[in-house]
Amino acid sequence: AEHRSEGCADAVRSTLEEVKELIAEASSVKEAVADANMCLDTLPEYITTLKTYSDDLMMAIAFSFADYDMEAYPLSEELGLYKACQVFQDDSTGPMDKVANFFRLMEGDIE
(Lines give C-alpha, C1' and ligand atoms only; values in the text may rest on other atoms or scores of the structure.)
Protein backbone atom coordinates (compact mmCIF):
# COMPACT_ATOMS: atom_id res chain seq x y z
CA ALA A 1 0.00 0.00 0.00
CA GLU A 2 2.83 2.35 0.89
CA HIS A 3 4.32 2.05 -2.62
CA ARG A 4 1.15 3.29 -4.28
CA SER A 5 -0.11 5.72 -1.64
CA GLU A 6 2.62 7.13 0.57
CA GLY A 7 1.46 7.56 4.16
CA CYS A 8 -1.24 4.92 3.90
CA ALA A 9 0.06 2.71 6.72
CA ASP A 10 0.28 5.64 9.14
CA ALA A 11 -3.16 6.90 8.15
CA VAL A 12 -4.75 3.50 8.72
CA ARG A 13 -2.89 2.95 11.99
CA SER A 14 -3.78 6.35 13.45
CA THR A 15 -7.41 6.11 12.33
CA LEU A 16 -7.84 2.70 13.91
CA GLU A 17 -6.26 3.89 17.15
CA GLU A 18 -8.74 6.77 17.24
CA VAL A 19 -11.63 4.45 16.43
CA LYS A 20 -10.66 2.10 19.28
CA GLU A 21 -10.65 5.06 21.68
CA LEU A 22 -14.03 6.29 20.44
CA ILE A 23 -15.55 2.83 20.80
CA ALA A 24 -14.17 2.51 24.33
CA GLU A 25 -15.75 5.87 25.22
CA ALA A 26 -19.20 4.91 23.88
CA SER A 27 -21.93 4.21 26.41
CA SER A 28 -23.05 1.03 24.64
CA VAL A 29 -22.41 -1.24 21.68
CA LYS A 30 -25.51 0.21 20.05
CA GLU A 31 -24.08 3.73 20.32
CA ALA A 32 -20.67 2.65 18.98
CA VAL A 33 -22.28 0.92 16.00
CA ALA A 34 -24.41 3.96 15.24
CA ASP A 35 -21.35 6.23 15.51
CA ALA A 36 -19.70 4.16 12.77
CA ASN A 37 -22.81 4.47 10.58
CA MET A 38 -23.20 0.70 10.65
CA CYS A 39 -26.42 -1.26 10.78
CA LEU A 40 -27.19 -2.69 14.21
CA ASP A 41 -29.38 -5.39 12.62
CA THR A 42 -26.35 -6.99 10.97
CA LEU A 43 -24.30 -7.17 14.16
CA PRO A 44 -23.66 -10.79 15.24
CA GLU A 45 -25.42 -11.76 18.47
CA TYR A 46 -22.16 -12.61 20.24
CA ILE A 47 -21.06 -8.97 20.13
CA THR A 48 -22.37 -7.76 23.46
CA THR A 49 -19.44 -5.73 24.75
CA LEU A 50 -17.54 -2.74 23.42
CA LYS A 51 -14.29 -4.71 23.54
CA THR A 52 -15.70 -7.54 21.42
CA TYR A 53 -17.11 -5.03 18.95
CA SER A 54 -13.79 -3.18 18.75
CA ASP A 55 -11.77 -6.38 18.36
CA ASP A 56 -14.05 -7.74 15.63
CA LEU A 57 -14.12 -4.43 13.76
CA MET A 58 -10.31 -4.25 13.77
CA MET A 59 -10.08 -7.87 12.62
CA ALA A 60 -12.55 -7.28 9.76
CA ILE A 61 -10.57 -4.27 8.56
CA ALA A 62 -7.26 -6.16 8.80
CA PHE A 63 -8.63 -9.14 6.84
CA SER A 64 -10.09 -6.83 4.21
CA PHE A 65 -6.81 -4.97 3.76
CA ALA A 66 -5.03 -8.32 3.41
CA ASP A 67 -7.46 -9.28 0.64
CA TYR A 68 -6.91 -5.98 -1.11
CA ASP A 69 -3.14 -6.40 -0.75
CA MET A 70 -3.19 -9.84 -2.38
CA GLU A 71 -5.03 -8.37 -5.37
CA ALA A 72 -2.77 -5.33 -5.69
CA TYR A 73 -0.49 -6.46 -8.49
CA PRO A 74 0.31 -4.92 -10.78
CA LEU A 75 0.02 -1.68 -8.82
CA SER A 76 -2.76 0.55 -10.04
CA GLU A 77 -4.87 3.41 -8.77
CA GLU A 78 -7.92 1.45 -9.96
CA LEU A 79 -7.39 -1.30 -7.39
CA GLY A 80 -9.19 -1.60 -4.07
CA LEU A 81 -5.98 -1.25 -2.07
CA TYR A 82 -5.27 2.20 -3.46
CA LYS A 83 -8.89 3.25 -2.99
CA ALA A 84 -8.87 1.95 0.59
CA CYS A 85 -5.75 3.97 1.32
CA GLN A 86 -7.46 7.07 -0.05
CA VAL A 87 -10.40 6.50 2.31
CA PHE A 88 -8.10 6.46 5.34
CA GLN A 89 -5.99 9.37 4.05
CA ASP A 90 -9.02 11.63 3.56
CA ASP A 91 -8.45 14.42 6.09
CA SER A 92 -11.92 15.84 5.49
CA THR A 93 -13.62 12.97 7.37
CA GLY A 94 -13.43 11.77 10.93
CA PRO A 95 -12.21 8.34 12.03
CA MET A 96 -15.65 6.70 12.32
CA ASP A 97 -16.66 8.03 8.91
CA LYS A 98 -13.45 6.62 7.43
CA VAL A 99 -14.37 3.18 8.76
CA ALA A 100 -17.90 3.50 7.38
CA ASN A 101 -16.54 4.65 4.01
CA PHE A 102 -14.09 1.74 3.99
CA PHE A 103 -16.93 -0.74 4.39
CA ARG A 104 -18.94 1.07 1.70
CA LEU A 105 -15.95 0.70 -0.62
CA MET A 106 -15.87 -3.02 0.15
CA GLU A 107 -19.59 -3.33 -0.64
CA GLY A 108 -18.98 -1.72 -4.02
CA ASP A 109 -16.19 -4.19 -4.77
CA ILE A 110 -18.48 -7.12 -3.93
CA GLU A 111 -21.40 -5.92 -6.04
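A brief structural summary. (Residues numbered from 1 in each chain as written. Predicted model: local features only at pLDDT ≥ 70, side-chain atom pairs only at ≥ 80, totals over all residues. Heavy atoms only, no water.)

Right, let's talk about the overall build of the chain for a bit. Helix and strand counts for the chain stand at five helices and zero strands. Start at the N end of the chain and walk to the C end: the helices and strands fall as α-α-α-α-α. In the chain, which comprises 111 residues, the proportion classed as buried is 36%. Counting only contacts in the chain whose residues sit at least 6 apart along the sequence, the fraction spanning at least 24 positions is 57%. (Helix = DSSP H or I, 4+ residues; strand = E, 2+ residues; numbered from the N terminus. Buried < 20%, exposed > 50% of the residue type's maximum accessible area, 1.4 Å probe, protein only. Contact = heavy atoms within 4.5 Å.)

Any covalent bond linking the sulfur atoms of two cysteines counts as a disulfide. A complete count under the given rule lists one disulfide for this structure. The disulfide that involves Cys8 links it to Cys85, with 2.1 Å between the sulfurs. Looking along the S-S bond of the Cys8-Cys85 disulfide, the torsion reads about -80 degrees, which is the left-handed sense. Taken together, the positions of Cys8 in helix 1 (residues 8–25) and Cys85 in helix 4 (residues 80–88) put the pair 77 residues apart, joining distant regions of the chain. For Cys8, a relative accessible area of 1% puts it in the buried group. A relative accessible area of 0% places Cys85 in the buried class. (Disulfide = S-S within 2.5 Å.)

With 29 residues, the main nonpolar core has Tyr53, Leu57, Ile61, Phe65, Phe88 and Phe102 as its most contacted residues. Listed by contribution, the elements that provide at least two residues to this core are helix 1, helix 2 (29–35), helix 3 (50–70), helix 4 and helix 5 (95–110). Sequence-distant contacts of Phe102, defined by excluding residues within four places in its chain, comprise Ile61, Ser64, Phe65, Tyr68, Ala84, Val87 and Phe88. (Core = buried A, V, L, I, M, F, W, Y, C linked by side-chain atoms within 4.5 Å.)

Next up on the list: the pattern of salt bridges. Scanning the model with the defined rule gives two salt bridges in all. Note that Asp10 is salt-bridged to Arg13, the shortest N-O span being 2.7 Å. Taken together, the residues Asp10 and Arg13, both in helix 1 and three residues apart, mark about one turn of the helix. A salt bridge links Lys51 to Asp55; the shortest N-O distance between them is 2.7 Å. (Salt bridge = Lys/Arg side-chain N within 4 Å of Asp/Glu carboxyl O.)

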